[in-house]
Amino acid sequence: MRTKFDKKEITLWEVSVLEKTVYIRLRHRLQIRPNEKILLKDIAQVIADDDIYEKLCALPLYKVTEHDRNIVIIDVMKVIRAITQIFSNSNLEVQSIGPAQSIVEVVTKKQKVSFPLFLLVWLLLFIGAALAIMNFHEDVSMQAVQLRIYTLITGEVDRKPLIFQIPYSIGLGLGMIIFFNHVFKKRLNEEPSPLEVEMFNYQLDLDNYVALKENKESMKYLDDH
Amino acid sequence: MMTINVVLVMIIGFAGGLAVGSGFVAFLAVLGIIPRLTQLTKTMKMIHHYEAAVVMGALAGALATLWDPVLQLTPLLLIPLGLASGIFIGMLAAALTEVLNVFPILAKRIGVDGKIAILLMAFVFGKVFGSLFQWIYFVNK
């Protein structure tokens, strides 16, 4: 009696082992041309058995239309739904690892930098920086301190201690370059500069915003307003 | 009465020094210049000595302003001194978070992600030019 019961359980167990597992990991961000289809292999890394892998990779998920502007969010639930619909008769388990949505950027054409605009911004930054440092010097009484340092070291009085002030001005630029770790394109060191980290953080913040805001599934509101 | 006055002044002076000193250190800590310098030179282990350098520098500055010594040394000493203070102020200006926050937005707006180093150089040259202009020409006016 008892052995019979054991046998039955074992057969049941073997059926459930036959279930296949597909692992997908959505990419954080991808670029696509307008009017193109987004396939599963574009949007995610896939691990699956060889017999279904090709079919999975070519699975179309979304067609970019004119109606979409430049950002489309694909939620992982949409991807899983698409996979389970195609493979509804076979026993397929989808495991998602990583981000819950993928940000698709629709790139119409290569953005060209307009040179006059760039020059304008460059000049704006140049003049603004010059004005800001002069204001800073006035604000902290830099000149008075410099005159006192000159008198402290040499014992003489000079209204314009240029021997201190010119090295100081050069050092000002040098200090900024050291901090940013950049001399034009040249790097002083392998590590990312604070500005690059800041750029990355800013992009991440923007991505976070669109991932939640453009994704209709991520928030639910009452309809009574 | 006299003793009470002296003690009171000492207490006020000490308290003021405490507040300013801790504020100074907090300011440096927020800007993150010291971590940045240790990161660039890979001398994380020496950070305690850097702390000591900052404290001693602040003390030397306090002594120099209050005591007004006159050292009668060669003016050539002012060149490294000026360069060092310039580098420090330059790092200070670069480390201000406002600067770090504005650049990514600006670069995105005009779409020059790759050329951000050139924009940065505008900033650097602007600072150097503004400073030179002020000391050589502007202060005479």
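Parameters at a glance
Residues numbered from 1 in each chain as written. Chains lettered and ligands numbered in written order. Predicted model: local features only at pLDDT ≥ 70, side-chain atom pairs only at ≥ 80, totals over all residues. Heavy atoms only, no water. Core = buried A, V, L, I, M, F, W, Y, C linked by side-chain atoms within 4.5 Å. Buried < 20%, exposed > 50% of the residue type's maximum accessible area, 1.4 Å probe, protein only. Helix = DSSP H or I, 4+ residues; strand = E, 2+ residues; numbered from the N terminus. Expected span 1.5 Å × (residues − 1). Contact = heavy atoms within 4.5 Å. Buried area = accessible area lost by both parts, 1.4 Å probe. Salt bridge = Lys/Arg side-chain N within 4 Å of Asp/Glu carboxyl O. Nonpolar A, V, L, I, M, F, W, Y, C, P; charged D, E, K, R; others polar.

As annotated in an unreviewed UniProt entry, chain B is Stage V sporulation protein AB from Cytobacillus firmus.

Chain A is annotated in an unreviewed UniProt entry as Stage V sporulation protein AA of Cytobacillus firmus.

Considering the nonpolar core
The biggest cluster of nonpolar side chains holds 30 residues, and the ones touching the most others in it are L125(A), F180(A), L195(A), F103(B), L119(B) and F123(B). For this core, the secondary structure elements donating two or more residues are α5 (115–139), α7 (162–180) and α8 (194–213) of chain A together with α4 (78–95), α5 (97–109) and α6 (116–136) of chain B. Tallying contributions element by element places α6(B) first for this core, with seven residues. Formed by 27 residues, the second largest nonpolar core is a distinct cluster that contains I38(A), A44(A), L61(A) and V104(A).

A short note on helix α3 (residues 47–67) of chain B
Three or four residues apart is the spacing at which side chains of an α-helix point the same way, because the helix has 3.6 residues per turn. Relative to the 30 Å expected for 21 residues at 1.5 Å per residue, α3(B) spans 30 Å between its end C-alpha atoms, a close match to the ideal helical length. Phi turns positive one or two residues past the end of α3(B), at D68(B), with a value near 55°.

Looking at the interface of chain A and chain B
Facing the 62 residues of chain A at the interface are 71 residues of chain B. At the boundary of chain A with chain B, total buried surface from both sides reaches about 6,400 Å², with 76% on carbon and sulfur atoms. Across the contact surface, chain A and chain B share one salt bridge. Between D68(B) and R148(A) there is a salt bridge; the shortest N-O distance is 2.9 Å. Sorting the residues of the side of chain A that touches chain B by element identifies α5, α6 (142–154), α7 and α8 of chain A as the ones contributing at least two each. In terms of residues, the side of chain A that touches chain B owes the most to one element, α7(A), which gives 19 residues. Tallied by class, the residues present in the side of chain A that touches chain B amount to 39 nonpolar, 16 polar and seven charged.

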